[in-house]
Amino acid sequence: MDIIKFFEATAEYAFKDQSLPKEALLAAGASTCRKDVEGDPRGNKRLALIGDALIRLELVDQWHTTGASPGTTQKVISQKASNKNLEKIGRGAGLARYIISHPAQKHVARTTLASAVEALVGAVWLDSSKDYATVRRVVRALNIDPTSR
């Protein structure tokens, strides 16, 4: 699977456990209606929850050091951690072609792509033995951090 090359080049991270990026790219429901796909029917939802929390933590942590107001910080979080922004990052990196989606879905939807980006961050967390410095580096490499445009 080329996702390893994608992550090595884009996010500067190589997975040790190959099952994690596969789970991160499995959309909810895909395994229940495709005979060629195995996996949890919930797809990447569990990893996406972890990744969402980590992305938000990194954004808050970065903005906390600037002394910005809570309102400004919340605005940055809403923008940078939004499905629209995460979809843009995923599409820009060519991630859509790796997502295993429900066969009824003709195109990879915004939320599906955003969840995959979050799930990949969550997968890095687990694969790196919960090393926050590694997650921080990946979030920055993916241009999710508040200093990127």
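Up top is the structure.
Before going into details, it helps to say that this report is about the structure given with it.

Conventions adopted
- Residues numbered from 1 in each chain as written.
- Predicted model: local features only at pLDDT ≥ 70, side-chain atom pairs only at ≥ 80, totals over all residues.
- Heavy atoms only, no water.
- Core = buried A, V, L, I, M, F, W, Y, C linked by side-chain atoms within 4.5 Å.
- Buried < 20%, exposed > 50% of the residue type's maximum accessible area, 1.4 Å probe, protein only.
- Helix = DSSP H or I, 4+ residues; strand = E, 2+ residues; numbered from the N terminus.
- Contact = heavy atoms within 4.5 Å.
- Phe/Tyr/Trp six-rings, centres within 6.5 Å; stacked < 30°, edge-to-face > 60°.
- Axes fitted to C-alpha atoms, helices over the stretch in contact; angles between N-to-C directions.
- Parallel < 35°, antiparallel > 145°, perpendicular 65-115°, else oblique.
- Left-handed = near helix turned anticlockwise from the far one by under 90°.
- Nonpolar A, V, L, I, M, F, W, Y, C, P; charged D, E, K, R; others polar.
- Salt bridge = Lys/Arg side-chain N within 4 Å of Asp/Glu carboxyl O.

Regarding the nonpolar core
Formed by 37 residues in total, the largest nonpolar core has its most connected members in F7, F15, I55, L95, L120 and I144. For this core, the secondary structure elements donating two or more residues are α1 (3-11), α2 (19-24), α4 (45-64), α6 (83-92), α7 (110-127) and α8 (132-141). Setting aside residues no more than four positions away along its own chain, I144 makes contact with I55, L59, K80, L86, I89, V117 and V139.

Let's talk about the packing of aromatic side chains
Going through the model one piece at a time under the given rule, you end up with one aromatic pair. Seen from their ring centres, Y13 and F15 are 5.2 Å apart, and the 85° between their planes marks the pair as edge-to-face. Summarising the burial analysis for this pair, Y13 and F15 share the class buried.

Brief notes about the environment of R136
With respect to the helices, strands and loops of the structure, R136 is situated in helix α8. Distance in space between the C-alpha atoms of R136 and V121 is 9.4 Å, their sequence separation being 15 residues. Apart from residues no more than four positions distant in its own chain, R136 is found in contact with E58, D61 and Q62.

What about the packing of α7 against α8?
For any two helices packed against each other, one specifies the inter-axial angle together with the distance between the axes. Two elements in contact, α7 and α8, have axes whose closest approach is 9 Å; the angle formed by their N-to-C orientations is 155°. By the angle between their directions, the pair α7 and α8 is classed as roughly antiparallel. Handedness of the α7/α8 crossing: right-handed. Taking contact as the criterion, the partners of V121, V124 and W125 in α7 are, on α8, Y132, T134, V135, V138 and V139. Per-class residue counts for the contact of α7 with α8 are seven nonpolar, one polar and no charged.

Considering the pattern of salt bridges
Applying the stated rule across the entire model yields seven salt bridges. Here D127 makes a salt bridge to K16, at a shortest N to O gap of 4.0 Å. Separated by 111 residues along the polypeptide, D127 in helix α7 and K16 in the loop between α1 and α2 bring together distant segments of the chain. Taking the relative accessible area as the measure of exposure, D127 reaches 8% and is therefore buried. Between R56 and D52 there is a salt bridge whose closest N-O contact spans 3.1 Å. In this pair, R56 and D52 both sit in helix α4, four residues apart, roughly one turn of the helix. By relative accessible area, R56 is classed as partly exposed at 33%. Using a relative accessible area of 21% as the deciding quantity, one classes D52 as partly exposed. Counted as one network, the salt bridges with shared partners bring together E58, D61, R136 and R140.

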